[in-house]
Protein chains: 2
Amino acid sequence: MQRPALTLLAASLMLAHGLACAADAPTTIPAAAVQTAEQLRDKALHDDTAYKTVESLTTEIGARMAGGANDPRARAWAIAKFKALGFDKVYTEPVTYPLWVRRSEHGAIVAPFPQPLTLIALGYSPGTPKGGLTADIVQFPSLEALKAADPATVKGKIVYIGYRMHRTKDGHDYGIGAGIREDGPQVAMTKGAVGFLLRSAGTDANSRTPHTGVTEFSDPAKAIPAAALSNPDADQLERVLAYGKPVTFKLDLDCGIEGQYTGYNVIGDIVGSKHPDQVVVIGGHLDSWDPGTGAIDDGAGVAIALGAAKVIHDLPQHPDRTVRVIAFANEEMGLWGGRAYADKHAAEVSKFQLGSESDLGAAPVYQMSASVKPQARGAIEQIAKVLAPIGVVYDPKRPGGGGSDLSQMHQKGMAALSLDQDATYYFDWHHTANDTLDKIDPAQLAQNVAVYAVFTYMAAQADGDFGSAPKAFAGDGAGE
Amino acid sequence: MQRPALTLLAASLMLAHGLACAADAPTTIPAAAVQTAEQLRDKALHDDTAYKTVESLTTEIGARMAGGANDPRARAWAIAKFKALGFDKVYTEPVTYPLWVRRSEHGAIVAPFPQPLTLIALGYSPGTPKGGLTADIVQFPSLEALKAADPATVKGKIVYIGYRMHRTKDGHDYGIGAGIREDGPQVAMTKGAVGFLLRSAGTDANSRTPHTGVTEFSDPAKAIPAAALSNPDADQLERVLAYGKPVTFKLDLDCGIEGQYTGYNVIGDIVGSKHPDQVVVIGGHLDSWDPGTGAIDDGAGVAIALGAAKVIHDLPQHPDRTVRVIAFANEEMGLWGGRAYADKHAAEVSKFQLGSESDLGAAPVYQMSASVKPQARGAIEQIAKVLAPIGVVYDPKRPGGGGSDLSQMHQKGMAALSLDQDATYYFDWHHTANDTLDKIDPAQLAQNVAVYAVFTYMAAQADGDFGSAPKAFAGDGAGE
């Protein structure tokens, strides 16, 4: 029994060693694949599939708020577009979420200087009582100041926070602006406020197009109406407040949650020729906010992913692994599509070779980072080398989060990239009526397509994986 | 009898000669006045009266459409402001005009791709039938193309003209854009169209803030509803039209003329110390369009005139001639205030030494021209010399029109200047919701105040006149 035992031991040692060897072997991308990726890159820079796709979506469908009248029309558009582009499989997966409806919104200073102000209700805001609610404004410079406030100063009032976002290439100021939008109403509610206003989380200092976006309430039954003023209207409110007299405001919102809705992620696969069960996943989200036509957020992302898949599909041979494009449902009101997808596919996370979603507009990708196993760093460097000539700088120190919806698969353990777009002007138009096709430069959009085509193809052809496994990247700080 | 006859002849010859001498003597500005004007210029560059004035008007009153709820509030504000600034006389003169009312406006493509488009009704447009009117769109590239069109192609349709304005320093493209807005509906009406749409007469190519403005109908009883699409919405309509399918549009305007209204020009005089009956007149118009707060159009003009008068008022001694500031009523719907003023004061035109109104925003004056008698050219050159250090170039070849409302006094024979402001960005915001205080740079506004203070004071102190007389400048091409 020793022998067998020894044999078994040896065999198990050998197996372990073999596995360790496979796990330790650096992932590399074959020279032929690198060469093809370079060709894909150069072809994508002159391919107009993505631009025509976002033009088609924004022109034929326009705004497509999750659960709204255009939700099924957008889905039908996406299914038809995936099929027309030649995907081997096109299918949908359900996504269920609370249905939020916007009908109308008005705001006005009642005293001391009566005048309307331009505002927009936040997603998940309840409506006001019919005919509006009227209360005095109490102003805070920041969320922290509101958190520190004595509830007696807030009770019965409409809270206003006037944080002013500034343009930056990485868009980091949105963290503060969106933080006020997401958390401010809840904090105001707990202190007894009857309404909440913020200066729009947007960098268009001189445009009267307020920025909507989702907010959150721990207890929807106690939620208070919440809306964003355009930047010039916030300036105006602050000027009126500066007179030092009580400022009375009338807020009249007709909106709210009305039951549930089931939408669908729309998914297309170019099935892998060698490893059809292994998947490189890219995408964008199909829903948009309602005032614009959802060109930069996120028609562009859907179009970039479809454009990248198209140039790969047009190769003489399908790549080794499956290329999957997902047009997610309802990203805007809380990553509903991304969470549904990750919940459904968590058990298969090891089959997801690498993923990244495009959801920061249509300006060029300038920076790339990755969350992968150490043995795949060389392959990431190979990808970066192909992307360097089109302006992408690889930062090996930062993690890669996978983008908005795909951050959820990354949290489950999927290896992921961050492909950072230049966000300098993105927050001028984000979540406003100004999110329209004219904001997209076709050449800049094509650069994105090239980036996605290159990384997708190279990951699909890699010898080895990037380290996806359950919870493989927990605590990397990305995708959270 | 010969002698007396000879004496009379000689006397009459001498008188004629004397008059001719006075008329032929060059108008000059005394050295002391030039020196004071230089001091006024330098003081005005650091005086914030104008900025505080336009801030007060736009903050405390906001939009002030002629005949609307804010019309009497704006008038009361103006009277109080003139008095607070120390004018010797503050008074009003009535201006009666058709009252046009805007309640709501909506537009939507019904087919082939249903979606709302952002538009704004034009001043004097009638409303649609309740519930809107629905018709197919017929597109024309220009007003000329519409004029040349076979009525059979237009009858029963909604005409759309898509002329795209471009930014220029002198704003000349507005001539074409405003021409389409003013004349297009009338031409469409005569060919049997049921509605009229234009691409906004504005240079903000990427902003969903449509530009309103007045239109004209020869027969109001036959007028058709007319509105302007924002530039991105015009782009969208043109993309949909490019599919080559019939495009059905629903236009729903609730607006129209409802009787007459009597508003008032608000006038303030700093009474001249030597020639109180001789007047240098400056001003702006108090009314604005309704979507913005009328900061650049024309709170700035009123503020510039008041700021200039203020620094003159603060001199140790009143100037020789009267300085008059007029805040005109209802410029926007057809120079109603300017026409009423000119009709009332035509007989006194010779008493108007020189005039100019500010109504092209708040950017710096870069060019000056004049319609004056030849003997006053030297005085104009003296004024130009004081203005040259602050960036004003004198063009002796072009006439001076006096500005919008004061063009009407110029047509009666008043000597007038044109003080051309840099209009590069003016038509981004003009007649839109984006006409708000943030568009005004205080230093640029102060440059305007300096220009107005200098010319006003120097004209008030001149030895001699500038040639105002009934119809003195007929046919100079200015002010028409």
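Residues numbered from 1 in each chain as written. Chains lettered and ligands numbered in written order. Predicted model: local features only at pLDDT ≥ 70, side-chain atom pairs only at ≥ 80, totals over all residues. Heavy atoms only, no water.

**Q** Got a sec to walk through the packing of helix α2 (residues 31–44) of chain B against helix α14 (residues 442–461) of chain B? Specific residues and values, please.
**A** Between two packed helices, the angle of one axis relative to the other and the distance separating the axes together describe the packing. Residue and element names in this part refer to chain B. Orientation of α2 relative to α14, taken along the N-to-C sense of each, is 160°, at an axis distance of 8 Å. Between α2 and α14, the interaxial angle falls into the category roughly antiparallel. The element α2 and its partner α14 pack so that their crossing is right-handed. For the pair α2 and α14, the contacting residues are Ala33, Val34, Thr36, Ala37, Leu40, Arg41 and Ala44 in the first and Ala446, Val449, Ala450, Ala453, Val454, Tyr457, Met458 and Gln461 in the second. (Axes fitted to C-alpha atoms, helices over the stretch in contact; angles between N-to-C directions. Helix = DSSP H or I, 4+ residues; strand = E, 2+ residues; numbered from the N terminus. Parallel < 35°, antiparallel > 145°, perpendicular 65-115°, else oblique. Left-handed = near helix turned anticlockwise from the far one by under 90°. Contact = heavy atoms within 4.5 Å.)

**Q** Can you tell me about the relation of the copies chain B and chain A, naming the residues and giving the values?
**A** Rotating chain B by 180° and moving it 0.0 Å along the rotation axis overlays it on chain A with an RMSD of 0.0 Å. Between the two chains, the operation in question is that of a two-fold axis. (Least-squares fit on C-alpha atoms with pLDDT ≥ 70 in both.)

**Q** Which residues make up helix α10 (residues 336–345) of chain A, and what values go with them?
**A** Residue and element names in this part refer to chain A. Residues of α10 that are buried include every one of Gly337, Gly338, Tyr341, Ala342 and His345, and no others. Buried residues of α10, viewed axially, fall in a sector of 125°; they line one side. Those residues of α10 that are exposed and aimed more than 90 degrees away from the buried face are Asp343 and Lys344. In this fold, the buried residues of α10 make contact with β1 (89–111), β8 (248–270), β10 (321–328), β11 (352–357) and α12 (407–412). (Buried < 20%, exposed > 50% of the residue type's maximum accessible area, 1.4 Å probe, protein only. Arc of directions from axis to C-beta.)

**Q** Outline the interface of chain B and chain A, supporting the account with residue identities and numerical values.
**A** Each partner contributes residues to the interface: chain B has 28 residues there, and chain A has 28 residues. Of the roughly 2,100 Å² buried between chain B and chain A, counting both surfaces, carbon and sulfur atoms make up 45%. Three residues, Thr59, Arg208 and Arg239 of chain B, lead the burial of chain B against chain A; their summed loss comes to 27% of the area buried on that side. At the boundary of chain B and chain A, one finds zero salt bridges. Counting every contact that joins chain B to chain A gives 18 residue pairs in polar contact (both at pLDDT 80 or more). Only α3 (49–61) and α8 (231–241) of chain B provide two or more residues apiece to the side of chain B that touches chain A. (Buried area = accessible area lost by both parts, 1.4 Å probe. Salt bridge = Lys/Arg side-chain N within 4 Å of Asp/Glu carboxyl O. Polar contact = N/O pair within 3.5 Å; in protein donor to acceptor, adjacent residues only side chain to side chain.)

**Q** Could you give me a rundown of the side chain of aspartate 297 of chain B, with the residues and numbers involved?
**A** Residues and elements named next belong to chain B. Topologically, aspartate 297 is positioned in helix α9 (residues 295–313). The side chain of aspartate 297 is buried and forms no salt bridge, while arginine 64, the nearest opposite charge, is found at 7.8 Å. A polar side-chain atom of aspartate 297 sits 2.9 Å from a polar atom in the side chain of histidine 285. Among the polar contacts listed, one links the side chain of aspartate 297 to the side chain of histidine 431, at a separation of 3.2 Å. Once residues within four sequence positions are removed from consideration, aspartate 297 is found in contact with His285, Asp287, Ser288, Glu332, Asp359, Tyr426, His430, His431 and Asp435. (Lys, Arg positive; Asp, Glu negative; His and termini not counted.)

**Q** Explain unusual backbone geometry residue by residue, including any values.
**A** Where the residue is not glycine, phi is negative for most of them; where a peptide bond is considered, it is trans in most cases. The omega torsion across alanine 111 of chain A and proline 112 of chain A is 5°, close enough to zero to call that bond cis. By the secondary structure assignment, proline 112 of chain A is in the loop between β1 and β2 (115–117). Non-glycine residue asparagine 330 of chain A carries a positive phi angle of around 40°. For asparagine 330 of chain A, the position within the fold is in the loop between β10 and α10. Residue classification places asparagine 330 of chain A among the buried positions, given a relative accessible area of 1%. In the Ramachandran plot, tyrosine 124 of chain B falls in the positive-phi region, its phi being about 80° despite a non-glycine side chain.

**Q** So what about the packing of aromatic side chains? Which residues, and what values?
**A** Residue and element names in this part refer to chain A. Per the stated rule, a full pass over the model turns up 21 aromatic pairs over all chains. Where tyrosine 97 meets tryptophan 336, the ring centres are 6.4 Å apart and the plane angle is 45°; that geometry is what we call tilted. Within this pair, whereas tyrosine 97 is found in strand β1, its partner tryptophan 336 is found in helix α10, the two being separated by 239 residues in sequence. Sitting over the face of the ring of tyrosine 366, lysine 169 holds its NZ or CZ atom 4.4 Å from the ring centroid. Stacked on the ring of tryptophan 336, the Lys or Arg arginine 339 has its end atom at 4.3 Å from the ring centre. (Phe/Tyr/Trp six-rings, centres within 6.5 Å; stacked < 30°, edge-to-face > 60°. Lys NZ or Arg CZ within 6 Å of the ring centre and 35° of its normal.)

**Q** Account for the domain arrangement of chain A, with residues named and values stated.
**A** Residue and element names in this part refer to chain A. Taken domain by domain, chain A consists of domain 1 (27–88 + 271–461) and domain 2 (99–258). Distance between the C-alpha centres of domain 1 and domain 2: 33 Å. Every contact between the two is made by 23 residues of domain 1 and, on the other side, 24 residues of domain 2. On the domain 1 side of the interface with domain 2, the three residues burying the most area are Met333, Phe427 and Asp428, jointly 30% of the side's total. On the surface where domain 1 and domain 2 come into contact, there are two salt bridges. (Domains from an automatic or database assignment.)

**Q** How would you sum up the pattern of salt bridges? Please name residues and give values.
**A** Residue and element names in this part refer to chain A. Following the criterion strictly, the structure yields 42 salt bridges over all chains and no others. Among the ionic pairs, lysine 310 bridges to aspartate 314, the shortest N-O distance being 2.8 Å. Since its relative accessible area comes to 37%, aspartate 314 is described here as partly exposed. Each of Arg164, Arg199, Asp235 and Glu238 takes part in a single network of salt bridges with overlapping partners.

**Q** Tell me about the side chain of aspartate 420 of chain A, and name the residues and values.
**A** Residues and elements named next belong to chain A. Counting through the fold element by element, aspartate 420 comes out in strand β14 (residues 416–421). For aspartate 420, a relative accessible area of 16% puts it in the buried group. Look past the residues within four positions of aspartate 420 in its chain and what remains in contact with it is Pro364, Val365, Tyr366, Gln367 and Arg398.

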